[in-house]
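Residue-level structural notes
Okay, here's what each chain looks like letter by letter:
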Amino acid sequence: MLCSASHAASCGVVAVAHYAGTAFMAADVYGCHVHGIDLSVNMILIAIERAAAATASGSRRSINGSTTITPRAVVATPEAANGHDSSCNGVANGSEVLPSPTSSSSVQQQAPHDVTFEVADVLTRDFPAGAFDVCISRDSLLHVEDKQALFSRLHHWLQPGGQLLITDYCKCAGELSSGFQSYIQKRRYNLLTLQEYTAHLEAAGFTGVQAEDCTAELLACCEDELQGLQQRKDAFIQAFTCEEYDEVMSRWQEKLGRAKAGEQLWGRITVRKAM
């Protein structure tokens, strides 16, 4: 999401509406406007549904106490940011383009937090220079192939002194096993090493990049998820199927194995645009 620089504080996340909780927390805790972008219509609808549920329950309210869903215009582009077919993940195709962002109707959301969500391609959506104080991307840029172009756009959108926070899955700097290479190709991921992340950000104009290997946190998360799934096995199978339970367990076990092998890393990258 991205946050407008017209507010006293801002925070945002790029293309991760399926982590809408990050947007809500930033808006509620820091009193900032957050603008979320995702290429997937499904993910944006989930974010809006969660906001509507919070409105109905009264569990969250914006700074001014608003509890009204305010539709505003968004645009869905047919080109995926990672170069994949736009029919994937519920992305709107060329015949389903929503109204222009300057229109007065459609599917953005702005309550009960000071948050809006937009269906758009972050590599084609444009914002004015210095439009945002902070840009955040949480575990989503592995889907973006042209990260160099994206980082240049983020640098342009940030105010001088603005901050960029990225968490993402990364690959190790050494030679990858054939199994991990096959996994990356099958998933159509575009993984970078932490060193490559630093180089791309510096090429985009950022300085003082801090790239941290936080894989220990990924390992703990995988183990927690596996333990939780085992504890909720009966309820999960009752709601879904035994086959789906086995598939989800297998995916977490495989991720844990890749992280333990030191091939799949979890990185946290922070940088500030020069004044």
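Coordinates for the structure precede this section.
What this report covers is the structure whose coordinates are included nearby. (Residues numbered from 1 in each chain as written. Predicted model: local features only at pLDDT ≥ 70, side-chain atom pairs only at ≥ 80, totals over all residues. Heavy atoms only, no water.)

With respect to the environment of Asn 190
What counts, and what does not: Strands are runs of DSSP state E lasting at least 2 residues, helices are runs of H or I lasting at least 4, and numbering of each runs from the N terminus. Buried means the residue's accessible area, taken with a 1.4 Å probe over protein chains only, is under 20% of the maximum for its type, while exposed means over 50%, and partly exposed covers the values in between.
Summarising the element assignment, Asn 190 is placed in the loop between α4 (178-187) and α5 (194-203). On the accessibility criterion, Asn 190 (22% relative accessible area) is partly exposed. For Asn 190 and His 143, which are 47 residues apart along the polypeptide, the C-alpha to C-alpha distance reads 6.0 Å.

Observations regarding the packing of aromatic side chains
Here is the rule we go by: Pairing of aromatic side chains here covers Phe, Tyr and the six-membered ring of Trp, requires ring centres within 6.5 Å, and sorts the geometry by plane angle: under 30 degrees stacked, over 60 edge-to-face, intermediate tilted.
In this structure the tally under the stated criterion is seven aromatic pairs. Between the aromatic rings of Phe 127 and Trp 157, the centroid separation amounts to 5.0 Å while the plane-to-plane angle is 85 degrees, which identifies the pairing as edge-to-face. Taken as a pair, Phe 127 in the loop between β3 (115-119) and β4 (132-138) and Trp 157 in helix α3 (residues 147-157) lie far apart in primary sequence, 30 residues in all. The burial state of Phe 127 is the same as that of Trp 157; both residues are buried. Their ring planes at 65 degrees and their centres at 5.7 Å tell us that Phe 236 and Tyr 245 sit as a pair that is edge-to-face.

Overview of the pattern of salt bridges
Side chains that differ in charge, positive against negative, can pair when their charged atoms come close. Where we set the bar: The working definition used for a salt bridge is a side-chain nitrogen of Lys or Arg within 4 Å of a carboxyl oxygen of Asp or Glu.
Across all of its chains, the model carries four salt bridges by this definition. One salt bridge in this structure joins Glu 217 and Arg 268, with 3.6 Å as the shortest N-O distance. Highlighted residues: Glu 217 in helix α6 (residues 215-231) and Arg 268 in strand β7 (residues 264-272), separated in sequence by 51 residues. One network of salt bridges, with partners in common, ties together Glu 212, Glu 217 and Arg 268.

None of this, on its own, says anything about what the molecule does.
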